[in-house]
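# Reading the structure
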Amino acid sequence: MPMTPEEVAAFCRALPGACESIKWGNNRVFSIAGNKMFAIVDLIDKGKSKLAFKVDDDLFLGFTDRPGIRPAPYLARARWVAMEAPYPMSGEELRAALARSHQLVALRLPKYRQGEFLIVAE
């Protein structure tokens, strides 16, 4: 069953070290380490909620080939994807993708900071 935007937000807030802020007028931004974004949920956009998050470089094209998933505006070069609610992924798959986005961002932090976000060495 697909997740709702509120379920996505609750899941993102529950990830280690995650915080939520409002940026650019109407976007709920989920970050770690102060300002390292891993997911964005639009609050208001023509009546539809949009979600964007980072994916692995080698999976980016596979995600964007799927119906309902496209490169995220302004963030595609950093391998972010975007989709509208109802999200075209099962709840389980979306939770895994959001957790992976969190991990990808955390892995770019200095090694001494990664432990704060419960990163398991690959």
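Refer to the structure printed above.
Residues numbered from 1 in each chain as written. Predicted model: local features only at pLDDT ≥ 70, side-chain atom pairs only at ≥ 80, totals over all residues. Heavy atoms only, no water.

## Side note on helix H1 (residues 5–14)
Residues of H1 that are buried: Val 8, Ala 9 and Cys 12. Angular distribution of buried residues about the axis of H1 spans 100 degrees; they occupy a single face of the element. The elements touched by buried residues of H1 are strand S2 (27–32), strand S3 (36–42), strand S4 (50–54) and helix H3 (91–106). (Buried < 20%, exposed > 50% of the residue type's maximum accessible area, 1.4 Å probe, protein only. Helix = DSSP H or I, 4+ residues; strand = E, 2+ residues; numbered from the N terminus. Arc of directions from axis to C-beta. Contact = heavy atoms within 4.5 Å.)

## Things to note about the pattern of salt bridges
Taken as a whole and assessed by the stated rule, the structure comprises seven salt bridges. A salt bridge links Glu 20 to Arg 28; the nearest nitrogen and oxygen atoms lie 2.6 Å apart. Among the salt bridges present, the one from Glu 93 reaches Arg 66, with a minimum N-O distance of 2.7 Å. Of this pair, Glu 93 sits in helix H3 while Arg 66 sits in the loop between helix H2 (60–64) and strand S5 (69–71), placing them 27 residues apart in sequence. The class for Arg 66 is partly exposed, based on a relative accessible area of 26%. Each member of the salt-bridge network shares a partner with another, and the members are Glu 6, Arg 13, Glu 20 and Arg 28. (Salt bridge = Lys/Arg side-chain N within 4 Å of Asp/Glu carboxyl O.)

## Brief notes about H3
Its 16 residues give H3 an end-to-end C-alpha distance of 22 Å, which sits within 8% of 22 Å, the value for a rise of 1.5 Å per residue. Where H3 is concerned, the buried positions are Gly 91, Leu 94, Ala 97, Leu 98, Ser 101, His 102, Gln 103, Leu 104, Val 105 and Ala 106. Along its buried surface, H3 packs onto H1, S2, S3, S4 and helix H4 (111–114). (Expected span 1.5 Å × (residues − 1).)

## A short note on the pairing of strand S1 (residues 19–23)
The sheet contact formed by S1 and S2 spans five bridges and is antiparallel. Its bridge partner lying in S2, Glu 20 is registered against Phe 30. In this structure, the hairpin formed by S1 and S2 is closed by a connection of three residues, where Trp 24 is found at a positive phi of approximately 55 degrees. (Pairing = 2+ DSSP bridges.)

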